[in-house]
Each structure stands twice: as C-alpha cells, then as structure tokens.
Protein chains: 2
Amino acid sequence: MIESFSLHHPDGATEIRVGRGALSAVAEEIGDWTAGRVLFVVSSAPIWDLHGRSLAPVEGRAARVVRLEVPDGEAAKTLAVAEQLWQRMLEAGGKRDSRVLAFGGGSVGDLAGFVAGCFLRGVEVVQVPTTLLAQVDASLGGKTAVDLPQAKNSVGVFHHPAWVVSDTEVLTTLSRRERAAGLAEVVKMALLLDPDLLHRVEDDLEALLAGDADALVPVVAGAARAKVAVVEDDPREGDRRRLLNFGHTLGHALETAAGYAGLLHGEAVNHGMRFAVRLARRRGFDAAEAERFCALLERLEPPPLPTLDRARVLAAMGRDKKAREDGLAWVLPARLGEGWITSDVPGAEVEEELARFLPD
Amino acid sequence: MIESFSLHHPDGATEIRVGRGALSAVAEEIGDWTAGRVLFVVSSAPIWDLHGRSLAPVEGRAARVVRLEVPDGEAAKTLAVAEQLWQRMLEAGGKRDSRVLAFGGGSVGDLAGFVAGCFLRGVEVVQVPTTLLAQVDASLGGKTAVDLPQAKNSVGVFHHPAWVVSDTEVLTTLSRRERAAGLAEVVKMALLLDPDLLHRVEDDLEALLAGDADALVPVVAGAARAKVAVVEDDPREGDRRRLLNFGHTLGHALETAAGYAGLLHGEAVNHGMRFAVRLARRRGFDAAEAERFCALLERLEPPPLPTLDRARVLAAMGRDKKAREDGLAWVLPARLGEGWITSDVPGAEVEEELARFLPD
C-alpha cells in the first residue's frame, strides 16, 4: 500500500510517495521523468552498499546514470564537496534538463538539493531519503544547505524536489537508536499538529523502534502530511513554518555546544522539547499532557546529555540563525494539537531553567 | 524625471527606478527598506572611487553598513569570492533580515545576487548597476551566477532583486566603447520587442555614445521595460525569455574562443547579431530591415574580431549551456518587433556561413 499525496508550493508541486516498496512502485512514474536524460545520483558509500540495488527500478530509463559519491553524514555539507559535484556534472555533460537523485539521509539530501538548486540555476531533483528523520522532515519543504565554519546551514536555497519517495523498507537497516531519533521529529510534529499521530506512535512504539516496515508507513506518511500542511501555508518560512522548530531552540545549541559529537540531531531535539515543555508549563500548558508527552519522549530512550558548559549553550542559542534581530524565539505547546511562538521568555528565566535542566 | 515601474514575478515584485539622479530620488524609499538592518554593500575598488559618494543617500538609515570589496570584472564571479563574502557576512552579524546592495557592473551584480540568494537561504538585494549593460539587462530578471573553470555562469540561482536603481549619472564615467557595447544589448531588445526604441537609438545615437545622462534615461527605461515584459511572461526562462539570447549563440562562442580577451560582451553580441541576421535573411527576414539594422550595429563601432579558430568557435557553440539535449537554438528576427527561436538550422549551413563570417 503506497500513500500518495502532493505538496503545492509557489513554483509547482512535489509528488510524495510513502510505502513499503515505494521505490519499485514509482519506477514507471520516475522513469518518465528521467527518460532520455542524464541522471546524477548523489549518495555515500555506505548507503550504496546497503541499498544501491533498490534504486535500479528508478534508474532504468535514464539516458545515462552518473554516480556522485559524497562523504557520509555532515561532512558532505561543504562548499568544497558541492563545487566538486558541479565540476563533475559539467564534465559529464550535465544540462538544464538533467536530473538529480538524492539517495541518503538528511545531509545527502541537503547537499544534493543545494547542488541541484544552483546547477545551471536549478535542475529538478528527486529526494529518496534513507533515514526516518529525512523521510518525515528534511526531504520535504525545499530547504537545502551546506555549512560554513561559522554556522551550519548558512549557505543554501529553497529548492523543492519534484518527487519525494520514502520507502520504509530501507529503514530496516537503521539502528534502533537512529529510528528513535527520527521518531523524536515525528512526535514533535504530532504534538503540535496531529494528536491522532501522537496516539499512534504511543500505541505502536515497539514495532516502530524495531523497524517494522509496515508499521512505519502510516507514521511516516502522517508526519509527512503534517509537514506538508505547514509548508503549504508558509512556503518561505515565516511564522507558521517556524512551529517546526519546536525543540530546536535549545536543541541546536546543545548540538553546537557538544561540537556535534555523541548526540544525534533527533536526540538533541528530544532534550530541547522537554526543556520547551518546562517553559510551556509556566504558561498554562496542561500538567497531565506535559507528563504524558515527556513520558513518550523518555520511551524514545535518549542517551543522557554529555556534560556541557551552560555558558556555551546560552551563547550558542544567541548565535542561532533563527535568533533574528528581535530576540530569541521559542516554540511552545499550548495544548495537544496546538503550538505558539513567543519571543517573550526573559533571559533570566531561561538561565534559571537551564541551571535545573543542565546541572553542573 | 524618474521613471518608476515594477517587474512582477512568482515571489513578489521588483521595484525599478530609472533616471538622472535616481539614487538621490530613492533615498527615502530605500531608507525604509534598510532602516535598522545590517546593509552589506558589494562593490569593487574602482567603482567606489568613482561613485562611492553617490551611495550615501541610500545607506543613511541602515543600522550598520558593511562594505564588501570584490575584484573588478569577471574575476569577482568565483565560488571562492562568494565563500569569502558569506564568511564575512556571518562574522559581521548578518541575519535573514539583513540586506545586500550590489553596486557595479554585471559581474558585481551576478556575484552579489548569488551571494544574497544563498545567504541563509536568501536575503533581499537591491541592484544598483553602474554600466549601461547592467542597467538595461543584467540587473533585471533575477538571474545570478558565478563561473566554474568548465563553464561561465554554471552555478547560480534565480533571485529577483527587491529594487533596481539605475542612475544614468553614473554612466557618464564609462568609456565610449563601454557605452557602445551596452547599446548593443539595447538594440538587441529593440529589434525583437520595441521598434520605437530602435528608432530612438538611431536618432539619438551620438548623444547616447557621448554619455548624455538625460538622453540615456528613456533608452535605459525603454530597454528595461522591454525586458520586464519578457521576464514577466516567462519567469523561469522557457522559450519567451530565450528571445533575449538573440546574438548570444555565436556571441558566447566568440567570447569563449577568444578566451574572454579583447572583446566586450556587448561587442561579441553585436557580431553575433549580425551573424544571426544572415541566417534570418535565408528565412525571409526583409533585406531592407536587415540592412538598416546592421548599419546601426556598425555605428556602434565594434572593433574587428580577433583572429579565431573556426573549429574552436563551432565547438564552443555546442558546449553552451543553452544547447539543450535537443540541439543548438538560434534566435532570429522575423520582422521589426518580432523574433522566433529555431533549432532547425543545419550544422552545414552554420559552418558555411561561419566560413564567410570568420575568414581564415
């Protein structure tokens, strides 16, 4: 059973397919899209080793398939890697009607989306995310970027994919820890946007953590649909889309202060959401709902935070690119299915809560 | 007298102001746009020396003005220069609501537009073009890019400026040769899109070549309006916008074969248009109109072409990024005010005409 829906944006639409075996199911449609063209497949060596064969159905009708290997993980997201890819694409005869296929986790998708968005001022891209995190979040909505030493994601473009194909079969090779980190982003969207999805995750959590490809389909599709609704309301990331930053104000700062070591993004967001819930409790968020949500976050088994210098965490929050000139923004739950954004949390309150949350 | 009009595109609108003294005239409007923000001014040393003072009215109300100096000319259009700018912008506290002002010719505009388009996934930019070529063409329509060794303009984005401010006063310091090269792009648009503009250029040519800032206003505004109409019809460069490539199929190849030395872009386009007119004559373009148009191109005093290897010129045409997988496209005049695009010019015909056009 393949779930099929679209994301409409100012330049057109993204076709989304979610299911166990989705890659085979879309072979004909994607085949039409690549037929007779040069197809550049961007991926990392481990992904190719694990799943390369499942791409065969969608590669079949391209005039030529050129594989572009990039480093695994965040190391792929540099201008130097992007420049290498652009040069290789030109040398391989890439044209404005060539296609790019991003095959990997969020980093591969961010890089390949950026490379596609800037190559000859933009060629079409299909995102084939291979992590739960990328399937439910990063692959959707057109945000692409590479990092600079001064800040992550500081150079990028909005470039919506023509297709997102999320095959839950590829999630079976992830570790339990990676799936748990991805589920943190699912419950992030579920709490603020879709209480039914939250209940489903609570009910099916063991199967989801174990990587049951069938159980994952409605959860991936549900989270993707929630994100689609938000992005369609707000394609260029004004206030509405910023709801998706729930847990990220502190989460990003934890990642920065930890030097991106020992902490998965979804784990940092898990901790960040629990912190945001504390701020929300002081502003009327219901105690029972807070407790229930935090219990679910605990069941995602986040590893304890490394010892972090609180001053560095606070400094990192102020540097975050979302800290606009008008102050630090917090996304807080109001009740199940509803969130809000405020810049009205006094610095002293943040410091005080953080002292309890991150004891020396 | 300031001419004031807009270019509507899928993400909003570009406000265009053309006039003698336009920079002073827009001081209040641009002031509102920069007020309280960090303003990054991208320019080259020669432009600052010549015209830096004329920027004062538009810089006035920014919270902070950060000058970013880039190399003069095409040397500015590299990823290395872009990366330096992004790093300096982050270090100077650039945010998503910061502004970029591009002050220079087409190269500065292309680079600064690209830098603005990718910084934190896009900040707003004002283009203040200081060459005739940039005022009538490059600054309008959102095309931005840098070069790679393999191909010019191969990495870029569509990023429409919020404003284009074309002050004809700054054109007085250009050389006669630079103005003549810019006028080649004007008559390119005039022939295919606006016969009245063609007549005006014919009538006023001496004043225009001499840099008369008043005579230039209606010509710059007329060419800009013609370009606006085309871009509004075709924001992403489908067929309609490709009309603006009249003269560029051979023109780009001449530049490539000459190694971009000794030939201004407008001069290459001048030669390219005369070649395209030969192809058009064989397809029914009127002899008297062709003669009249070529006489005007001669009055622009293009220097003779350097000695070029014909085989290299032919090879360069095939590599041009506009040569899609379905063959080389030629933009040809049909009659005054009307052009068409064809991929149906046999290679043998091109070779034969080129042998006459570029004798050994």
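Figured I'd write up the structure that's included with this text. These figures come from a predicted structure and were not determined experimentally. (Residues numbered from 1 in each chain as written. Chains lettered and ligands numbered in written order. Predicted model: local features only at pLDDT ≥ 70, side-chain atom pairs only at ≥ 80, totals over all residues. Heavy atoms only, no water.)

A short note on the interface of chain A and chain B
Tallying the contact residues gives 42 residues for chain A and 42 residues for chain B. Counting each side, the surface lost to burial between chain A and chain B is near 3700 Å², with a carbon and sulfur contribution of 54%. It is helix α5 (residues 79-91) of chain A that provides the largest number of residues to the side of chain A that touches chain B, a total of six residues. For the side of chain A that touches chain B, the class distribution of residues is 17 nonpolar, eleven polar and 14 charged. (Contact = heavy atoms within 4.5 Å. Buried area = accessible area lost by both parts, 1.4 Å probe. Helix = DSSP H or I, 4+ residues; strand = E, 2+ residues; numbered from the N terminus. Nonpolar A, V, L, I, M, F, W, Y, C, P; charged D, E, K, R; others polar.)

Quick look at the sheet that holds strand β4 (residues 64-69) of chain A
Residue and element names in this part refer to chain A. The seven strands are arranged β1-β2-β9-β6-β5-β3-β4 in an open sheet whose pairing can be described as mixed. Here the strands that pair on one side only, and so sit at the sheet edges, are β1 (3-9) and β4. Here the strands of the sheet are splayed against their neighbours by 20 degrees on average, with no regard to which way each runs. For strand β2 (residues 12-19) and strand β9 (residues 163-167), the ladder comprises five bridges, and the chain directions are parallel. Pairing of Ile-16 across the sheet is with Val-164, part of β9. Packed on one face of the sheet, helix α10 (residues 213-233) meets β1, β2 and β9 and runs near 15 degrees to β1. (Pairing = 2+ DSSP bridges. Axes fitted to C-alpha atoms, helices over the stretch in contact; angles between N-to-C directions.)

Notes on the relation of the copies chain A and chain B
Overlaying chain A with chain B gives an RMSD of 0.0 Å, the required rotation being 180 degrees about an axis along which the chain moves by 0.0 Å. Each copy turns onto its partner about a two-fold axis. For chain A, the residue whose C-alpha comes nearest the rotation axis is Pro-10 of chain A, separated from it by 3.4 Å. The residues that chain A uses at the interface reappear at the interface of chain B in 100% of cases, marking a shared surface. (Least-squares fit on C-alpha atoms with pLDDT ≥ 70 in both.)

Quick notes on the nonpolar core
With 74 residues, the main nonpolar core has Leu-183, Val-187, Phe-246, Leu-250, Phe-293, Val-313 and Trp-330 of chain A as its most contacted residues. By residue number, the principal contributor to this core is α10 of chain A, which donates twelve residues. Excluding anything up to four places from it in sequence, Val-187 of chain A contacts Leu-198, Val-201, Met-273, Phe-293, Leu-296, Leu-297 and Leu-300 of chain A. Within the second largest apolar cluster, 73 residues are counted, among which are Leu-7, Leu-205, Val-269 and Leu-296 of chain B. (Core = buried A, V, L, I, M, F, W, Y, C linked by side-chain atoms within 4.5 Å. Buried < 20%, exposed > 50% of the residue type's maximum accessible area, 1.4 Å probe, protein only.)

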